[in-house]
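Geometric and topological summary
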Amino acid sequence: MDALIMDGQSLSLGAVAAVQRVRNPISLARRVMTDSGHAFLVGYGAELFADAIRFPRCEVTDLLVGEDLEAYLARQSGEPIPAGAASPIAGPKGDTVGAVALDWHGNIAAATSTGGTRKKQPGRVGDSPLVGAGAYADNRLAAVSATGYGEAIMKVLLSKQVCDLVGLGLSPQGACEAAMRLFEERTGSDGGVIAVDARGDVGYAYNTTAMPHAWARGTDPVQSGR
Ligand code: ASP
């Protein structure tokens, strides 16, 4: 699992990649930011850090549901893998969760957490934990989180690109739309972004068939879309 969190006031960030048996990798990324003296820890070293700070670990089976759980259990016991789960393209394409937020003091932050792409090669890391690609936050610009095909997103640093467009004067909504157009033109790939700026203006755009999203401002009712 991979995760990245970034604080738009201080530009502090914390990231983990290729960590296993961690139920909330975004919380581990936060601890990397606040307690490690580093910004990015991966694999064995990230897990050593988790254990050193007594960060809760879980079982692999706690992180799987449905066909993926069945396939994992079958593989462990040597049974044939259930038909649906054996297909490399079975089920939803991604499980990435992104969040952007603004607090009462006008500070913004972004966070992205993912299991990566389905049936990925061991050791593969996508865009999500890469600063500027999977997320970026700067109080002077915007806080952005991205999802989609990581190998393409990292080529254009999609989240930073949204921030830079806000810096050029676009609204978060305009910047998300423009960045997604550029992303599609330059990579031909799929993805989506969400953003908020320090005034609380939000934006989102995607070129996938769906990207469930929701936002709330103050005590206004939550708005959502797919
Ligand atoms: N961006 C993630 C990755 O490539 C996957 C996703 O967002 O669905 O690892």
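Residues numbered from 1 in each chain as written. Predicted model: local features only at pLDDT ≥ 70, side-chain atom pairs only at ≥ 80, totals over all residues. Heavy atoms only, no water.

Before going further, it helps to examine the confidence of the model for the protein. On average, the protein scores 93 in pLDDT, and the residues at 70 or more come to 94%. Every residue in residues 86-91 scores below 50 in pLDDT, and together they form 8 contacts with partners more than four places removed in sequence or on other chains. (pLDDT = per-residue confidence, 0-100. Contact = heavy atoms within 4.5 Å.)

As a further point, take the environment of Gly8. Topologically, Gly8 is positioned in the loop between strand 1 (2-7) and strand 2 (13-17). Owing to a relative accessible area of 1%, Gly8 belongs among the buried residues under this scheme. In the structure, Gly8 is positioned 36 residues away from Tyr44 in sequence and 29 Å away in space, judged by C-alpha atoms. Excluding residues within four positions of it along the chain, Gly8 makes contact with Ile108, Ala109, Ala137, Asp138 and Asn139. (Helix = DSSP H or I, 4+ residues; strand = E, 2+ residues; numbered from the N terminus. Buried < 20%, exposed > 50% of the residue type's maximum accessible area, 1.4 Å probe, protein only.)

Tracing the chain through its elements places Ala142 in the loop between strand 6 (135-137) and strand 7 (143-148). Under the relative-accessibility criterion, Ala142 is labelled buried at 0%. Counting along the chain gives 105 residues from Ala142 to Gly37, while the straight-line C-alpha distance between them is 25 Å. Residues contacting Ala142, with those up to four places away along its chain left out, are Ile108, Tyr136, Ala137, Cys163, Val166, Val196 and Asp197.

Around the ligand, the surrounding shell consists of Gly94, Thr96, Thr114, Gly116, Thr117, Arg124, Gly126, Asp127, Ser128, Thr147, Gly148 and Gly150. Within the side chain of Arg124, a nitrogen or oxygen atom sits 2.7 Å from an oxygen atom of the ligand. Taking Asp127, its side chain carries an N or O atom lying 2.6 Å from a nitrogen atom of the ligand. Notes on the ligand: free accessible area 270 Å², of which the protein chains cover 95%. Each residue belonging to the shell around the ligand can be placed in one class, and the counts come to no nonpolar, 10 polar and 2 charged. (Near = heavy atom within 4 Å. Polar contact = N/O pair within 3.5 Å; in protein donor to acceptor, adjacent residues only side chain to side chain. Areas by Shrake-Rupley, 256 points an atom, 1.4 Å probe, with all protein chains shown as cover. Nonpolar A, V, L, I, M, F, W, Y, C, P; charged D, E, K, R; others polar.)

Before going further, it helps to examine helix 1 (residues 25-35). One turn of the α-helix equals 3.6 residues, which is why residues spaced by three or four share an orientation. Inspection of helix 1 places Pro25, Leu28, Ala29, Val32 and Met33 among the buried residues, and these make up the whole buried set. The buried residues of helix 1 occupy an angular sector of 150° when the element is viewed end-on, so they sit on one face. Lining the buried residues of helix 1 we find strand 1, strand 2, strand 3 (40-42), helix 2 (43-52) and strand 5 (108-114). (Arc of directions from axis to C-beta.)

Evaluation of the coordinates by the stated rule reveals 8 salt bridges. As a salt-bridge pair, Arg57 and Asp51 come within 3.0 Å of each other at their nearest N and O atoms. With relative accessibility at 23%, the residue Arg57 sits in the partly exposed group. Each of Glu47, Asp51 and Arg57 takes part in one network of salt bridges that share partners. (Salt bridge = Lys/Arg side-chain N within 4 Å of Asp/Glu carboxyl O.)

In terms of nonpolar packing, the biggest core is built from 32 residues, with Val144, Leu158, Val162, Phe183 and Val193 touching the most fellow members. Here this core gets 6 residues from one element, more than from any other, and that element is helix 7 (residues 172-187). When neighbours within four sequence positions are excluded, Leu158 is seen to be in contact with Gly132, Ala133, Ala146, Ile153, Ala179, Met180, Phe183 and Val193. Ranked by size, the runner-up nonpolar core spans 15 residues in total, among them Val19, Leu28, Val32 and Met33. (Core = buried A, V, L, I, M, F, W, Y, C linked by side-chain atoms within 4.5 Å.)

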